[in-house]
Amino acid sequence: MKILVCISNVPDTTTKIKLSADSKSVDTSGIQWVINPWDELALTRALELKETTGGAIEKVTVATVGTAEVEPTLRKALAIGADDAFRVDINPQDAYQVAAELTGLIKANPYDIILCGIESSDYNGSAVGGMLAELLGIASVSSVSSLSVVNGEVQLTREIDGGKETMVSSLPFTAIVQKGISLEPRIPSMRGIMTARAKPLQVVPSFGTESLTLISGFKLPAPKAACHIVDGENVKDLIRLLHEEAKVI
Amino acid sequence: MDFEFTEEQLMIRDAARDFAQRDLIRDVLERDAGSIYPTEHVKKLAELGFLGMLVSPEYDGGGMDTISYVLAMEEISKVDASVSVIMSVNNSLVCYGIEAYGTEEQKQKYLKPLARGEKTGAFLLSEPEAGSDATSQRTTAEDKGDHYLLNGTKNWITNGNTAGTYLVIAQTHPDKKHKGINCLIVDRHSPGISVGPHEDKMGMRSSDTHSVMFTDVIVPKENRFGEDGFGFTFAMKTLEGGRIGIASQALGLASGAFERAVKYAKERKAFGTEIANHQAIAFKLADMAVKIENARNLCLKAAWLKDNSKPYGVASAMAKYYAAEIAMDVTTQAVQIHGGYGYVKEYHVERLMREAKLTQIYEGTSEIQQIVISRDILK
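The structure presented is a predicted model; accordingly, all values stated were derived computationally and were not measured.

(A) Highlighting the environment of Val-149 of chain A. For Val-149 of chain A, the position within the fold is in strand 7 (residues 139-150). Between the C-alpha atom of Val-149 of chain A and that of Lys-50 of chain A, which follows or precedes it by 99 residues, the distance is 9.8 Å.

So this is what it looks like as structure tokens:
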């Protein structure tokens, strides 16, 4: 079996987001880019399966849709342990375009298990995995928190309301994975970083897709209000502040 | 001149940062309080390849450059200098010494397990009565034909108990003074070696510091570095590189304390506003930032010289001297900015301050660095 892990390149989760002058895009200057945390956990699980299933997993590939600027993120995935990487060369404008470009890639390079993070930590669209499965016409399992290979069969566990659901899936399928799929992401080792130099990173031209949506503007949330600490014995002050300043009573 | 790091150097920095911020931070306070050796973390350091990152892949090392080493040492030292000193001693004293001056047999037998992190190493130079004055070695390596007989006591030995391989500096020909000194590779478990109790230190409390006693320890002749009497030169040359490691450690202590001070100054309020808005605090932060930037540039310059096979002895002395001095200063200011909170352990900065003190003392005191630098100016 071959596993493809779809990787999204996102700002580090501690980034302070700034918008461009027209508020139609995010100002990316000074941002440190990382592998989307859910995708990183998916990659970790894929590598664990490859290492522990005695040859059942032949290869772990990573793929992303983006310009050359996203390559450091792919090379980090190679340093962590992926065997090879694809980059579809286009700056995607929405989730549909990402899914459509990945569809073109996967049709030309078929995989048995396709893993997508449940969402990306930047736009939080939760859309690519489901769209991708639909465009490929293959099974899709959402909210997957466990993935294992037992006697050559792939078992998945999903989080459902009030419990868990375990299922098997025919191949190929897309698993949209969430936290719990692996314990914590791997840190690349010196050896991994060194061998990543020699691993293939193939750049594929765009499949000519178009986006379906247009962003008309972004708005940052209001800054957090200052915190007033009122002494426990000053109930009158507390009531006055709640009435006059917070205006909640 | 190019001030950009390569993608690979940044990846190594990030790997060290992830390891420090994810793993080391979890139990650093408990290990400091209890002087507990970081066994599991050292295992992980080995798995990630940090213990032998400077060693050539030919000898199972990471084959990384010294710039990457500076970046990794800084990140790990921001959180835990007790762990970074284990990494520094193993890489830049023990592995470097064997790789640069060892025979092929010595490299195969001793360097490979050290580079893989299966064993750690220790560098045994200081003695109860020979610290800065390293020429006055009382430990003797008596020439017995096909072997040396080692007798004496070494002090303040990092990895003293946990190391598997010792590099021991000892006097063979007292009449020749420092030209009679040899350096020998000694198996930690050789008969006649006893290790003193764990030193109860002010800082770096979870690193493994001991005195080591040798009583009629037999060391084969083939375990000597270089020609007879090469030991002092070996030690001085090896310490040149070691200084880059400790300079980077001091840099990390300073930048770690600085990051905490900035965060605190932006959160803590006094007189109706965040204390960062008071010039008294803002100017302190500006001074700290400039000092850290200077120290970082000195460390990277020394590393660049080493990577480009240029003389780096004075540059590494400048880096070690300056970084250690500003580490003491910056960590003290970080405690000051934190006020009372800085004086309690939970906020980490008092620990970084205690740890910074050692960087002015070990692997060549600040005063020894001043000697190295001034002698070069005045020669």
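(B) Structural detail: the pattern of salt bridges. Per the counting criterion, the structure on display carries 38 salt bridges over all chains. One salt bridge in this structure joins Asp-80 of chain B and Arg-31 of chain B, with 2.7 Å as the shortest N-O distance. Note that Asp-80 of chain B is positioned in the loop between helix 3 (66-79) and helix 4 (81-101) and Arg-31 of chain B in helix 1 (residues 7-34), a separation of 49 residues in sequence. In the salt-bridge network here, residues are joined through shared partners; they are Glu-71, Arg-75, Arg-87 and Asp-89 of chain A together with Glu-7 of chain B.

(C) A look at helix 5 (residues 104-116) of chain B. Residues and elements named next belong to chain B. Here helix 5 contains 13 residues, and its C-alpha end-to-end distance of 17 Å stays within 8% of the 18 Å for a straight helix at 1.5 Å per residue. Bending of helix 5 peaks at approximately 40° at the position of Tyr-110, with proline Pro-113 no more than four residues after it. Buried residues of helix 5: Gln-106, Lys-107, Tyr-110, Leu-111, Lys-112, Pro-113, Leu-114 and Ala-115, and no others. Residues of helix 5 that are buried make contact with helix 4, strand 1 (121-124), strand 4 (165-171) and strand 5 (181-187). Phi turns positive one or two residues past the end of helix 5, at Gly-117, with a value near 80°.

(D) Structural context of the sheet that holds strand 10 (residues 173-177) of chain A. All names here are of chain A. Spatially, the 9 strands line up as an open sheet ordered 9-8-7-10-6-1-4-5-11, and their pairing is mixed. Sheet topology places strand 9 (163-168) and strand 11 (201-205) at the edges, where each strand pairs with a single neighbour. Across the sheet, the mean angle separating the axes of adjacent strands is 35° when strand polarity is ignored. Across 6 bridges, the pairing between strand 8 (residues 153-160) and strand 9 is antiparallel. For Arg-158, the partnering residue across the bridge sits in strand 9 and is Glu-165. Where helix 3 (residues 95-108) meets the sheet, its contacts fall on strand 1 (2-6), strand 4 (59-65), strand 5 (84-89), strand 6 (113-117) and strand 11, and the angle it forms with strand 4 comes to roughly 140°.

(E) Region of the structure containing the packing of aromatic side chains. Going through the model one piece at a time under the given rule, you end up with 10 aromatic pairs over all chains. Between the aromatic rings of Tyr-101 of chain B and Phe-234 of chain B, the centroid separation amounts to 5.6 Å while the plane-to-plane angle is 75°, which identifies the pairing as edge-to-face. Of this pair, Tyr-101 of chain B sits in helix 4 while Phe-234 of chain B sits in helix 6 (residues 231-267), placing them 133 residues apart in sequence. For Phe-234 of chain B, a relative accessible area of 0% puts it in the buried group. Ring centres 5.2 Å apart and planes at 55° place the aromatic pair Tyr-341 of chain B and Tyr-347 of chain B in the tilted group. Residue Tyr-341 of chain B is classed as partly exposed on the basis of its relative accessible area of 39%. By relative accessible area, which is 27% here, Tyr-347 of chain B ends up partly exposed. One residue, Lys-2 of chain A, lies across the ring of Tyr-111 of chain A, its end atom 5.2 Å from the ring centre.

(F) Quick look at empty space enclosed by the protein. Residues and elements named next belong to chain B. Evaluation of the coordinates by the stated rule reveals 1 cavity of 30 Å³ or more. Roughly 30 Å³ of volume is contained in the largest cavity. Along its surface, the largest cavity is lined by Leu-54, Thr-66, Tyr-69, Ser-92, Tyr-96, Gly-241, Ile-244 and Lys-306. For the lining of the largest cavity, the secondary-structure elements that each account for two or more residues are helix 3, helix 4 and helix 6. Looking at the lining of the largest cavity residue by residue, the class counts come to 4 nonpolar, 3 polar and 1 charged.

(G) Representation of the pairing of strand 3 (residues 147-158) of chain B. All names here are of chain B. Sheet topology note: the strand 2 (residues 140-143)/strand 3 ladder contains 4 bridges and is antiparallel. Across the sheet, the residue bridging to Glu-142 is Leu-149, located in strand 3. Bridging between strand 3 and strand 7 (residues 209-220) involves 9 bridges; their strand directions are antiparallel. Bridged to His-147 within strand 7 is Pro-220.

(H) Representation of unusual backbone geometry within the structure. Residue and element names in this part refer to chain A. A cis geometry characterises the amide bond from Leu-171 onward to Pro-172, with omega recorded as -10°. Even without a glycine there, the phi angle at Asn-124 is positive, about 50°. With respect to the helices and strands, Asn-124 occurs in the loop between strand 6 and helix 4 (128-136). The backbone of Asn-151 shows a phi angle near 50°, a positive value even though the residue is not glycine. Mapped onto the elements, Asn-151 comes out in the loop between strand 7 and strand 8. Among the residues examined, Asn-151 registers a relative accessible area of 80% and is labelled exposed.

(I) Representation of the nonpolar core in the model. Val-5 and Leu-115 of chain A together with Phe-50, Met-53 and Met-87 of chain B are the most contacted members of the largest nonpolar core, which totals 130 residues. Excluding its chain neighbours within four sequence positions, the residues that come into contact with Met-53 of chain B are Met-190 of chain A together with Ile-12, Gly-62, Gly-63, Met-64, Ser-68, Tyr-69, Ala-72, Met-87 and Asn-91 of chain B. Leu-4, Ala-99, Leu-102 and Leu-136 of chain A belong to the second-largest nonpolar core, a separate cluster that totals 18 residues.

(J) Seen up close, the interface of chain A and chain B. Taken together, the contact between chain A and chain B spans 17 residues of the former and 25 residues of the latter. Summed over both sides, the interface between chain A and chain B buries roughly 1700 Å², with carbon and sulfur atoms accounting for 57% of that surface. When the buried surface of chain A facing chain B is broken down by residue, Ile-187, Met-190 and Ile-193 of chain A rank first, second and third, together holding 41% of it. Top contributing element to the side of chain A that touches chain B by residue count: helix 2 (residues 71-80) of chain A, with 5 residues. Taken together, the residues of the side of chain A that touches chain B sort by class into 9 nonpolar, 2 polar and 6 charged.

(K) View of the state of the cysteines. All names here are of chain A. Applying the stated rule across the entire model yields 0 disulfides over all chains. Cys-6 forms no disulfide, and the closest cysteine sulfur to it belongs to Cys-116, at a distance of 3.8 Å. For Cys-6, a relative accessible area of 7% gives the class buried.

(L) A look at helix 2 (residues 39-48) of chain B. Among all positions in helix 2 of chain B, only His-41, Val-42, Leu-45, Ala-46 and Leu-48 of chain B are buried. Along helix 2 of chain B, the residues classed as buried sweep out an arc of 170° about the axis, all on the same side. Seen from the buried face of helix 2 of chain B, the exposed residues on the opposite side, beyond 90 degrees, are Glu-40 and Glu-47 of chain B. Buried residues in helix 2 of chain B make contact with helix 5 (190-196) of chain A together with helix 1, helix 3, helix 4 and helix 5 of chain B. Backbone geometry just downstream of helix 2 of chain B places Gly-49 of chain B in the positive-phi region, at approximately 90°.

Conventions we followed
- Residues numbered from 1 in each chain as written.
- Chains lettered and ligands numbered in written order.
- Predicted model: local features only at pLDDT ≥ 70, side-chain atom pairs only at ≥ 80, totals over all residues.
- Heavy atoms only, no water.
- Helix = DSSP H or I, 4+ residues; strand = E, 2+ residues; numbered from the N terminus.
- Salt bridge = Lys/Arg side-chain N within 4 Å of Asp/Glu carboxyl O.
- Expected span 1.5 Å × (residues − 1).
- Bend = angle between axes of the 7 residues up to and from the residue.
- Buried < 20%, exposed > 50% of the residue type's maximum accessible area, 1.4 Å probe, protein only.
- Contact = heavy atoms within 4.5 Å.
- Pairing = 2+ DSSP bridges.
- Axes fitted to C-alpha atoms, helices over the stretch in contact; angles between N-to-C directions.
- Phe/Tyr/Trp six-rings, centres within 6.5 Å; stacked < 30°, edge-to-face > 60°.
- Lys NZ or Arg CZ within 6 Å of the ring centre and 35° of its normal.
- 1 Å grid on protein atoms, 1.4 Å probe; cavity = no way out; pocket = protein on both sides within 12 Å on 5 of 7 lines; lining within 4 Å.
- Points joined across faces, edges and corners; volume = space filled by probe spheres on them.
- Nonpolar A, V, L, I, M, F, W, Y, C, P; charged D, E, K, R; others polar.
- Core = buried A, V, L, I, M, F, W, Y, C linked by side-chain atoms within 4.5 Å.
- Buried area = accessible area lost by both parts, 1.4 Å probe.
- Disulfide = S-S within 2.5 Å.
- Arc of directions from axis to C-beta.

Keep in mind these numbers describe shape, not what the thing actually does.
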